[in-house]
Amino acid sequence: MTLYHGSCFCGSVSFEAEGDLSSGTLRCNCEFCRKMRYWDMPLPDPEKFRVTNGAELLAETPRKKNLSMDIHHFFCTRCGTRMWTEGDAAEFGGRFRQVCVASLDNVAEAELVGAPVFFADGANDDWFFPAPEIRHL
Ligand SMILES: [Zn+2]
C-alpha cells in the first residue's frame, strides 16, 4: 500500500489516501465519466483518506435529478480540479471512496503508464463488465 498525496491544480486543496495504483484503476463510458474524462483509483479502505488542506473550498458536482445512488463527486471551487468520489452503494460493495488519478502528485510517470485500467460499461449500469468501445474515453 502506498500513501498518495493529491491536490488540485491551484494548490488550494490537498489530500492523502492509501491505495495501490498497480492493483487497478477505472475508466468508464457513462455520461459523467465521459464528460469529466474520469479516471479513478478505488481505495481498498475508504476511511484511509483525509483532506489535508482547503476543505472549505470543496464543492460537489450537482446530482442528476433521476440519480438515486448515494454518490458524491468533489472538486476545488477555485480551479475546478476534480479530486475524489465517495458514497455508499450496494453496486460498489457499500461505502466507497475513489480518488482521481490525475490529481495525484507523488506518482512517477512510469507508475501511471503501468497502472492497469479497467474500462467499465457504466453507460449500461454494468460497472463490472467491460465497455464495448473505449477509443473515445
Ligand atoms: Zn484548486
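The structure contained in this document is the topic of the report that follows. Numbering of residues begins from 1 in every chain and follows the order in which that chain's sequence is written. Only residues with pLDDT of at least 70 are given local features in this predicted model, and only at 80 or more are side-chain atom pairs given and counted; all residues enter the totals for whole chains, interfaces and linings.

Further remarks concern the overall build of the protein chain. Helical segments are the DSSP runs of H or I of at least four residues, strand segments are the runs of E of at least two, and each set is numbered from the N terminus. In terms of helices and strands, the protein chain carries 2 helices and 11 strands. In the protein chain, the order of α-helices and β-strands from amino to carboxyl end is β-β-β-α-β-β-β-β-β-β-α-β-β. The C-alpha radius of gyration of the protein chain comes to 14 Å, within 12% of the 14 Å expected for a compact globule of 137 residues. In terms of overall dimensions, the protein chain has a C-alpha envelope of 35 × 35 × 30 Å along the principal axes. Every radius of gyration here is taken over C-alpha atoms, with the globule rule written as 2.2 Å times N^0.38, N being the number of residues.

In globular proteins that are soluble, nonpolar side chains generally tend to be buried together. When buried Ala, Val, Leu, Ile, Met, Phe, Trp, Tyr and Cys residues are joined through C-beta atoms within 7 Å, the set is termed a nonpolar core. Any residue surrounded by 20 or more other C-beta atoms within 10 Å of its C-beta is treated as buried, while 12 or fewer makes it exposed and the intermediate range makes it partly exposed; C-beta atoms here are placed from the backbone. With 22 residues, the main nonpolar core has Ala-17, Cys-76, Met-83, Trp-84, Val-99, Cys-100 and Val-101 as its most contacted residues. At the level of secondary structure, the elements contributing two or more residues to this core comprise strand 2 (14–19), strand 7 (70–76), strand 8 (82–89) and strand 9 (94–100). With 3 residues, the top contributor of residues to this core is strand 7. Each residue touching Cys-100, except ones within four places of it in the same chain, is listed here: Trp-39, Asp-40, Arg-82, Met-83 and Trp-84. The contact rule is simple: place each C-beta atom from the backbone, and if two of them lie within 7 Å, those residues are in contact.

Our focus in this paragraph is unusual backbone geometry. Here the phi dihedral of Arg-37 falls at roughly 55°; this positive angle occurs in a residue that is not glycine. Mapping Arg-37 onto the fold places it in the loop between helix 1 (31–36) and strand 4 (40–42). Residue classification places Arg-37 among the exposed positions, given that 11 C-beta atoms sit within 10 Å. Positioned with a positive phi, Asp-125 is a non-glycine residue whose angle comes to about 55°.

This part is about the sheet that holds strand 1 (residues 2–7). Strand-to-strand pairing in sheets goes through backbone hydrogen bonds, with the strands running parallel or antiparallel. The strand order 1-2-5 describes an open sheet built from 3 strands, whose pairing is antiparallel. In the strand order of this sheet, the two ends are held by strand 1 and strand 5 (49–53), each with one partner. The average undirected angle you get between the axes of adjacent strands in this sheet is 25°. Here, strands pair whenever DSSP counts at least two bridges between them. Two strands pair when backbone bridges link them, and strand 2 and strand 5 are joined in this way by 4 bridges, in the antiparallel orientation. Bridging across to strand 5, Ser-14 finds its partner in Asn-53. A fitted line through C-alpha atoms serves as each axis, taken over the contacting stretch for helices, and the angle formed by two N-to-C directions is quoted from 0 to 180°.

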